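# Residue-level structure breakdown
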Amino acid sequence: MSVHAPDVPYPAPAPGRVDLALIDEAVRSLDLAGKIRLLSGAKMFSLWPEESIGLTEIVMSDGPTGVRGEEVVGGRESCLLPNATLLAQSWSSEVLDEVGAILAEEAMDQQTHIVLGPTINLHRSPLGGRLFECFSEDPYLTGVLAAAYVRSLQSRGIGASPKHFLANESETQRTTVDCVVDEQTLRELYLLPFEIVDQDAHPWTVMASYNSINGVTATEHDELINSILKQEWGFDGLVMSDWFATKRAAESANSGLDLVMPGPETVWSTSLQKAVRSGKVPEEVVDDHVRRLLMLAARVGAFGQLRSWPTNIPRPDSSLRREQLRRIAAQGMTVLKNKNTVLPLSKGAGNVAVIGRHATDTVAQGGGSARVRPPHVVTIADGLASALWPGGVTVVDGVETRTRMVAASASAVRDPETGTPGMRVRALDEQGNVLDSRHFDVAELEVAEDGWLAQAARIELSADVSLATPARMRVGVIGPGQWTVVAPGHHESFTVTPHDGPGGGLHRPKSHASVVPLESGARITATTGPHFEMRIIGLVVTAAARPAAAAIRDAVEAAASADTAIVVVGNTQEQETEGQDQKTLALPGEQDALVAAVAAVAPRTVVVVNAATPVLMPWIDDVDAVLFAGLPGQEAGDAVAAALTGEIEPAGRLVTTFPVHDGEGPAWETAPTGGRLEYTEGPGVGYRGWYQSAAEPLFWFGHGLGYTTWDYTSAQLMDRDEAGVNAVTVTLTNTGQRAGKETVQVYRVPLDDGQPVRLIGWDQVSLRPGESGTVQINCDLRTQRLWDVDQHQWLPLSGGSIVIARGLGDRRITVPLENGQES
Ligand code: BGC
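Small disclaimer: the values here were computed from a predicted structure and weren't measured.

## A few points about the overall build of the protein
Counting secondary structure elements, the protein contains 19 helices and 37 strands. For 823 residues, the compact-globule estimate of 2.2 N^0.38 gives 28 Å, and the C-alpha radius of gyration of the protein, at 27 Å, lies within 12% of that figure. Its C-alpha atoms give the protein principal-axis dimensions of roughly 85 × 80 × 55 Å. A separation threshold of at least 6 residues defines the contact pool for the protein, and within that pool the share at least 24 residues apart is 76%. Accessible surface for the protein amounts to roughly 28600 Å². Of this, 48% is attributable to carbon and sulfur atoms. Averaging the locations of the 66 positively and 102 negatively charged side chains of the protein gives two centres separated by 3 Å.

## Some details on the sheet that holds strand E5 (residues 163-165)
In space, the three strands of this open sheet follow the order E5-E7-E10, with parallel pairing throughout. At either margin of the open sheet sits one strand with a lone partner, and together these are E5 and strand E10 (238-241). Averaged over all neighbouring strand pairs, the angle between strand axes comes to 45°, with direction disregarded. With two bridges joining them, E5 and strand E7 (residues 205-208) adopt parallel strand pairing. The residue of E7 that forms the bridge with Phe165 is Ala208.

## Brief notes about the site of the ligand
As a structural note, the neighbourhood of the ligand is formed by 13 residues, with Asp62, Arg130, His164, Asp242 and Glu578 the closest of them. The side chain of Arg174 places a nitrogen or oxygen atom 3.2 Å from an oxygen atom of the ligand. Between the ligand and the protein, one listed contact pairs an oxygen atom with a side-chain N or O atom of Glu578 at 2.7 Å. Expressed as a share of its isolated accessible area of 310 Å², the protein-covered part of the ligand is 94%. Here the shell around the ligand is built from residues that sort into five nonpolar, two polar and six charged.

## Focus: the pairing of strand E16 (residues 434-440)
Taken together, the six bridges between strand E15 (residues 423-428) and E16 define a ladder with antiparallel strand orientation. Bridge pairing links Arg424 to His439 in E16. Hairpin connection from E15 to E16: five residues lie between these consecutive antiparallel strands, with Gly432 at a positive phi of about 90°.

## As for the packing of helix H4 (residues 93-109) against helix H12 (residues 319-332)
Running from amino to carboxyl end, H4 crosses H12 at an angle of 145°, the nearest separation of the two axes being 11 Å. In this structure, H4 meets H12 at a crossing whose hand is left-handed. Contacts from Val95, Glu98, Val99, Ile102, Glu105 and Glu106 in H4 reach Arg321, Gln324, Leu325, Arg327, Ile328 and Gln331 in H12. Taken together, the residues of the contact of H4 with H12 sort by class into five nonpolar, two polar and five charged.

## A word on the sheet that holds strand E3 (residues 114-116)
Here four strands make up an open sheet; going across it, the order is E1-E2-E3-E4 and the pairing mixed. Both outer strands of the open sheet, strand E1 (46-47) and strand E4 (159-160), are each paired with one neighbouring strand and no more. Pairing between strand E2 (residues 58-62) and E3: three bridges, direction parallel. Across the sheet, the residue bridging to Ser61 is Val115, located in E3.

## With respect to helix H5 (residues 139-155)
Between its first and last C-alpha atoms H5 spans 24 Å; for 17 residues at 1.5 Å apiece the expected length is 24 Å, and the two agree. Taking the backbone nitrogen of Tyr140 as reference, a side-chain oxygen 3.0 Å away marks Asp138 as the first, capping residue of H5. Backbone geometry just downstream of H5 places Gly157 in the positive-phi region, at approximately 80°.

## Brief notes about unusual backbone geometry
Here the bond from Phe165 into Leu166 is cis, since omega is 25°, no more than 30 degrees from zero. Tracing the sequence through the fold places Leu166 in the loop between E5 and strand E6 (178-180). Omega for the peptide link from Met261 to Pro262 comes to -10°, which places this bond in the cis form. Within the element layout of this structure, Pro262 appears in the loop between helix H9 (249-254) and helix H10 (267-277). The phi torsion at Trp91 lies on the positive side, around 50°, for a residue other than glycine. As for its position among the elements, Trp91 is in the loop between helix H3 (84-88) and H4. For Ala167, which is not a glycine, the phi torsion comes out positive at approximately 60°. Note that Ala167 resides in the loop between E5 and E6.

## Remarks on helix H7 (residues 192-201)
In terms of burial, H7 is largely enclosed, as eight of its 10 residues are buried. Turning to H7, its buried residues are Leu192, Pro193, Phe194, Glu195, Ile196, Val197, Asp198 and Ala201. Two residues or fewer after H7 comes His202, characterised by a positive phi angle close to 45°.

## Examining the pattern of salt bridges
Applying the stated rule across the entire model yields 49 salt bridges. For Asp415, the salt bridge identified is with Arg424, shortest N-O distance 2.9 Å. Accessibility expressed as a relative area gives 0% for Asp415, which makes it buried. Residue Arg424 is classed as buried on the basis of its relative accessible area, which comes to 8%. For the salt bridge of Arg806 with Asp810, the shortest nitrogen-to-oxygen distance reads 3.7 Å. Put simply, Arg130, Glu133, Glu171, Arg174 and Glu578 are held in one network by salt bridges that share partners.

## A look at the domain arrangement of the protein
If you check the domain split of the protein, you get domain 1 (20-299), domain 2 (319-400 + 546-656), domain 3 (422-541) and domain 4 (708-816). At the junction of the two partners, domain 2 supplies five residues and domain 4 supplies nine residues. Together, the buried faces of domain 2 and domain 4 total about 520 Å²; carbon and sulfur atoms form 35% of this surface. On the surface where domain 2 and domain 4 come into contact, there are one salt bridge. Between Arg653 and Glu742 there is a salt bridge whose closest N-O contact spans 2.7 Å. At the junction of domain 2 and domain 4, the tally comes to four residue pairs in polar contact (both at pLDDT 80 or more).

Reading guide: rules and limits
- Residues numbered from 1 in each chain as written.
- Predicted model: local features only at pLDDT ≥ 70, side-chain atom pairs only at ≥ 80, totals over all residues.
- Heavy atoms only, no water.
- Helix = DSSP H or I, 4+ residues; strand = E, 2+ residues; numbered from the N terminus.
- Rg over C-alpha atoms; globule rule 2.2 N^0.38 Å.
- Contact = heavy atoms within 4.5 Å.
- Areas by Shrake-Rupley, 256 points an atom, 1.4 Å probe, with all protein chains shown as cover.
- Lys, Arg positive; Asp, Glu negative; His and termini not counted.
- Charge placed at Lys NZ, Arg CZ, Asp CG, Glu CD.
- Pairing = 2+ DSSP bridges.
- Axes fitted to C-alpha atoms, helices over the stretch in contact; angles between N-to-C directions.
- Near = heavy atom within 4 Å.
- Polar contact = N/O pair within 3.5 Å; in protein donor to acceptor, adjacent residues only side chain to side chain.
- Nonpolar A, V, L, I, M, F, W, Y, C, P; charged D, E, K, R; others polar.
- Left-handed = near helix turned anticlockwise from the far one by under 90°.
- Expected span 1.5 Å × (residues − 1).
- Buried < 20%, exposed > 50% of the residue type's maximum accessible area, 1.4 Å probe, protein only.
- Salt bridge = Lys/Arg side-chain N within 4 Å of Asp/Glu carboxyl O.
- Domains from an automatic or database assignment.
- Buried area = accessible area lost by both parts, 1.4 Å probe.

Structure (structure tokens):
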């Protein structure tokens, strides 16, 4: 069942041709000030044009799983793809190739030259807030998938930016933390995905991270950027800083950083010229940065041969996109448990109760810079109701899962002037006269310093509420400042304080709301005070919280009278987000109690986990089946329905090991001590460390049941030399009742001291029931070396064994490398 990108209905523009002579000539023609100007962003997400050399503006957008555009919220609608772990659970380069094609087309549609992704930091501690954006705990799986993504984007003339270089595995104190990692571990683990992506896909840019690595901040890391990335690996692209990460001018310029983001004012725009004039930075260094910038510009069609943009790109809600995004999400979903083959659900599942807040308020994406504005999100309740027996599905809201307010959903509010979904935003002067008035079809927006609201003395947000029946609603605002909120029978003035910490105002704005009884059509008006400082603001209109006990009582009642209960639980953007880490892997709120109560009464209980990263499952023995559904993107509910009914096999395999309890596993703590975060587990990250310590996790990396069973009959080393194992063949049979796709995983257990087990290759095979097949798995030598710190070079691993496994908890065949006989 291999997945190929459908043919695009228009020719994909080829990457631009690079004319080195033209680049040299352009560099020579610019004076120092002219060159330095180009090396900082012009705006938040764009670079300066320079007419005299024929350079046009270059536009970037955040990725990694949607092309958001220049506004963090309230911007243009774009495709919301499944999150990175869900994509990675497909273990499929073909899927990532298709993802790259969609992203490239989305970028072209917005006339955007560069997508800031993929995020290829590793899942070190499961607490990392941004793991949802990264592929896996395994560097090889990460590197291979990232290379497919980058190749696909760039073959369509859109630049990629693998990020964040380097050792940015957690978010606590992310702009200042010093990650202390020994040289061998850096090479074997954290550099490896960047090395693979550099060698296999030649990215046109790489983004340097915020943190320090062994005492040197990433944007000034001469050894990492100049010595390893540029000299040793021969990277000929451009290194840009993460946003606002660059601290010092001369040190960063000399260490290989090529571009400071964002602009216009940066430490380079204000002081790099002086540093060059005083001899601290040689002018040739500046020239090299400009050369790399122009090379990038040529590649994306902004210099030399200029690009044109296609106009007939499928809309984010077109049937083509809906089919692609539903299929990609469903096939990455992972069956963690399936007692008595409860899944896939059949008509025999009878009357179904769909329970849980994540069924009705499905979380389709993580928080932070990766957020996009999708055309819609199909909730899991809606997806199941339309896929299963119409009329046979009862939906019951669950317990609260959020503590922070989010903006009202567009369908819950209407613009008082137009009557269309969304809100009205007015810019008022001191006297309350209207300077400007605009419709927003979402209930939040970004207030930019140079935007249309910059001249306003006050900002007014207003909307009429749409309700099926009168209800007690939380009414208020998001965003710091003094506010007055008015609704029928309600008048409240208050101050929302700014969020502490870098990026907090953007990614976790504070809010305030009060409970007000409302009828449908009630008008809500929120006005800022005369002095306001804000980035993201929005209207809050959401149902008042219910006590958990009442929600659980309703759920139990529905579950007891149903034949099958589907409980949908998960994380929200309070857990899966940029700028902060988690403290626990326990599901937020009283969701564990909800599952336990339902499982105690329902004849069959299926749990759908709507989260990107490991969660604790204290109820695992009491439920029949668990589907790990990730953050599935805009088609979430339809994808979950396709997976649960077996219309599409959820053939995912985990990309991270799940602990049973908090605190377990080789790396846990993400809070630095005295500003330092020591990677003391060395190369024993994730399953490598679990295996070394002989501990049993809840689920292993690589685990996933799919909908059929597999018998592995034999394995043979096909090609082996001094450097390692190049290929293995495995013969296997589909012993189940359904056609299915198997991911055959090859691990190597080396003999060398301190060298942990590691994935060295995998491949996939689709077989019908009863069918046997032989698959050849090519193994990568870059996973079969060790970094010798004294000799400063790679050495091949010695001996050991090859293990063919469905995750290390289900090892099928072992082949010792000494005599080549399997056991
Ligand atoms: C993130 C980057 C992102 C950038 C621009 C930063 O806070 O770390 O991943 O690309 O912002 O939004």
